[in-house]
Amino acid sequence: MKTRKLFFIISFLFVFGQIAVFSQNSEEDSSAVKNDFTNASVSIKYYNRTIYYPENSEDNPILVHVTIKNNGSETLRFKLADDRMFSMDFNALTVKNKSLPLTENIKEKRTTNQVVYFREISIEQGEEYSFVENVKDFINIEEPSVYYLEASFYPELYKSKYISLKSNRLTLEIRPSPSSSASNYVPVKYQTVEILEPEAISPDKVIEQTIIARQKSLWDQYFLYLDVESLLLRTPSLKKKYNTVSASERERMIEAFKVDLMQAKIENDIIAIPQSFEIEKTTYSPTEGSVSVIEWFKYTNYTEKKRYVYKIRQREGVWRIYDYTVVNLGTE
């Protein structure tokens, strides 16, 4: 009888212990659920935006300002790792909606057993918490192109990444790395890496700088005086689609068109690289004009000669190329 009673007591304590352990584990697993993130939002914007090139994370970082905001009436609490790689991700999508790979550094950190140090952050209604991160620390960017950048923030850290806040989307343009000799031809502010702005220069200078930029593969200079939207609309199929889509989709079409230009997939005449050129004639009114240019293209056994007539128009004091024609003048 005593043995039976003892067995009953041990069984009861074992069951009670199991319930206690289960309860404790359940509390840990559901800790994220206690915090309501439905009224939290995350947004990103460029911090000191510059011209971006592939790779080279230290000398040419892509700095992004990340902001977490409390849109609700209750206090918002979340965890923030000292190493932000355990608090968020950046995702860069190509125009074909393919994601760029993560860096080897971030993969190694997330697959290695280590202590993750973090802080508990509390923000009240309407308050924000911000920090700046380098996108190149998170993802590999090896090719010049146009990407669509977004962020995911994990308020309960990466181990609970099923709870995440998605940010807005930014357009990220990565330019081809300039050669050391390129800056001698068309000046670019490499020391400060500032974004160049179009200047109020004459129509012939616009054409001259655009052709020189193409000769040196300086895409940032090349697009400076190019009305890409108007060039896109030269193609009937693209024009038809462009006129039926939303403003955001139009922006995507323009950026995709620029990528196709850089990759020589379309508009072969406008991106052809002449060995030399000579401005033949310039005519213009206060708002419209044209510049005729003789261009020579060097091939193995001959040189091809063409006449380009660039159509330009002025908006807010700046002349831009919006159309062109090409006439073959034979070979030399």
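Definitions and cut-offs
- Along each chain, numbering runs from 1 in the same order as the chain's sequence is written.
- Per-residue local features of the predicted model are confined to residues with pLDDT of at least 70, and side-chain atom pairs are confined, for both listing and counting, to 80 or more; whole-chain, interface and lining totals are unaffected and use all residues.
- Side-chain metrics in this entry use all non-hydrogen atoms of the structure; hydrogen atoms and water are not considered.
- Salt bridge, as used here, is a side-chain nitrogen of Lys or Arg placed within 4 Å of a carboxyl oxygen of Asp or Glu.
- Here a strand is any run of E in DSSP of at least two residues, a helix any run of H or I of at least four, and the numbering for each starts at the N terminus.
- The buried label applies to any residue whose accessible area, calculated with a 1.4 Å probe on protein chains only, is under 20% of its type's maximum; exposed applies above 50%, and partly exposed to all values in between.
- Any two strands are treated as partners once DSSP identifies two or more bridges connecting them.
- Convention adopted: a line fitted to C-alpha atoms gives each axis, helices being fitted over their contacting stretch, and angles between N-to-C directions are expressed from 0 to 180 degrees.
- Lining residues are those with an atom within 4 Å of a point, where the points come from a 1 Å grid over the protein atoms alone and group into cavities, where a 1.4 Å probe fits but cannot get out, or pockets, open sets with protein on both sides within 12 Å along at least five of seven lines.
- Grid points are joined across faces, edges and corners, and a volume is the space filled by probe spheres set on the points.
- Under the scheme applied here, ten amino acids are nonpolar (Ala, Val, Leu, Ile, Met, Phe, Trp, Tyr, Cys and Pro), four are charged (Asp, Glu, Lys and Arg), and all others, including Gly, are polar.
- For Phe, Tyr and Trp, where Trp contributes only its six-membered ring, two rings pair if their centres lie within 6.5 Å, and the inter-plane angle classes them as stacked under 30 degrees, edge-to-face over 60, or tilted in between.
- Ring-over charges, as used throughout, are those where CZ of Arg or NZ of Lys falls within 6 Å of the ring centre and within 35 degrees of the ring normal.
- Confidence of the predictor at the level of single residues is captured by pLDDT, which takes values from 0 to 100.
- Throughout, a residue-residue contact means that at least one pair of heavy atoms, one from each residue, lies within 4.5 Å.

### With respect to the pattern of salt bridges
Consideration 1: Following the criterion strictly, the structure yields 16 salt bridges and no others.
Consideration 2: Asp89 is the partner of Arg110 in a salt bridge, and the nearest nitrogen-oxygen pair spans 2.8 Å. With Arg110 in helix H3 (residues 104-111) and Asp89 in strand E4 (residues 88-93), this residue pair connects regions lying 21 residues apart in the sequence. Accessibility assignment for this pair places Arg110 and Asp89 in one class, buried.
Consideration 3: Of the charged contacts in the structure, one is a salt bridge between Arg313 and Asp227, with a shortest N-O distance of 3.2 Å. On the criterion of sequence distance, the pair formed by Arg313 in strand E12 (residues 303-315) and Asp227 in the loop between helix H5 (219-222) and helix H6 (228-232) is long-range, its members being 86 residues apart.
Consideration 4: Accessibility expressed as a relative area gives 18% for Asp227, which makes it buried.
Consideration 5: A network of salt bridges, in which partner residues are shared, links Lys79, Glu120 and Glu156.

### A few points about the sheet that holds strand E6 (residues 128-134)
Consideration 1: Strand order in this open sheet of three strands is E1-E2-E6, and the pairing throughout is antiparallel. Both outer strands of the open sheet, strand E1 (40-46) and E6, are each paired with one neighbouring strand and no more. Between one strand and the next, the sheet's axes are offset by a mean angle of 20°, whatever the strand orientation.
Consideration 2: Taken together, the seven bridges between strand E2 (residues 63-70) and E6 define a ladder with antiparallel strand orientation.

### Description of unusual backbone geometry
Consideration 1: Even without a glycine there, the phi angle at Leu157 is positive, about 75°.
Consideration 2: Mapped onto the elements of the fold, Leu157 is located in the loop between strand E7 (145-153) and strand E8 (165-166).
Consideration 3: Residue classification places Leu157 among the buried residues on the basis of a relative accessible area of 5%.
Consideration 4: In this model, Glu316 sits at a positive phi of 55°, which is unusual for a non-glycine residue.
Consideration 5: Topologically, Glu316 is positioned in the loop between E12 and strand E13 (318-331).
Consideration 6: Using a relative accessible area of 85% as the deciding quantity, one classes Glu316 as exposed.

### A short note on empty space enclosed by the protein
Consideration 1: For the structure on display, the rule yields one cavity of 30 Å³ or more.
Consideration 2: One number sums up the size of the largest cavity: a volume of about 90 Å³.
Consideration 3: Along the wall of the largest cavity there are 13 residues; nearest its centre are Ile211, Tyr222, Ile270, Glu295 and Tyr310.
Consideration 4: For the lining of the largest cavity, the secondary-structure elements that each account for two or more residues are helix H4 (203-215), helix H9 (268-271) and E12.
Consideration 5: Looking at which element gives the most residues to the lining of the largest cavity, the answer is H4, with four residues.
Consideration 6: Residue classes in the lining of the largest cavity are distributed as nine nonpolar, one polar and three charged.

### Things to note about the packing of aromatic side chains
Consideration 1: The full count for this structure, using the stated rule, is 13 aromatic pairs.
Consideration 2: With a centroid separation of 5.8 Å and an interplanar angle of 65°, the aromatic rings of Tyr154 and Tyr158 are classed as edge-to-face.
Consideration 3: Given the relative accessible area of 7%, Tyr154 is considered buried.
Consideration 4: The interplanar angle of 20° and the centroid separation of 5.6 Å between the aromatic rings of Tyr308 and Tyr310 together place this pair among those described as stacked.
Consideration 5: Ring-pair connections join several aromatic residues into one group, and the members of that group are Phe78, Tyr129, Phe131 and Phe153.
Consideration 6: Over the face of the ring belonging to Tyr148 we find Arg252, whose NZ or CZ atom lies 4.3 Å from the ring centre.
Consideration 7: The ring of Tyr322 carries Arg313 above its face, with NZ or CZ at 4.1 Å from the centroid.

### Considerations on the confidence of the model for the protein chain
Consideration 1: On average, residues of the protein chain carry a pLDDT of 82, and 84% of them reach 70 or more.
Consideration 2: Confidence drops under a pLDDT of 50 for residues 179-194, and excluding neighbours within four residues, the segment shows 25 contacts in the predicted structure.

### Looking at the sheet that holds E12
Consideration 1: Ordered in space as E10-E11-E12-E13, the four strands form an open sheet in which the pairing is antiparallel. With one partner strand each, in any of the chains shown, strand E10 (276-284) and E13 form the two edges of the open sheet. Within this sheet the neighbouring strands show an average axis-to-axis angle of 20°, counted without direction.
Consideration 2: Relative to E13, E12 runs antiparallel, the two sharing eleven bridges. From the neighbouring strand, Glu304 faces E13, where its bridge partner is Thr331.

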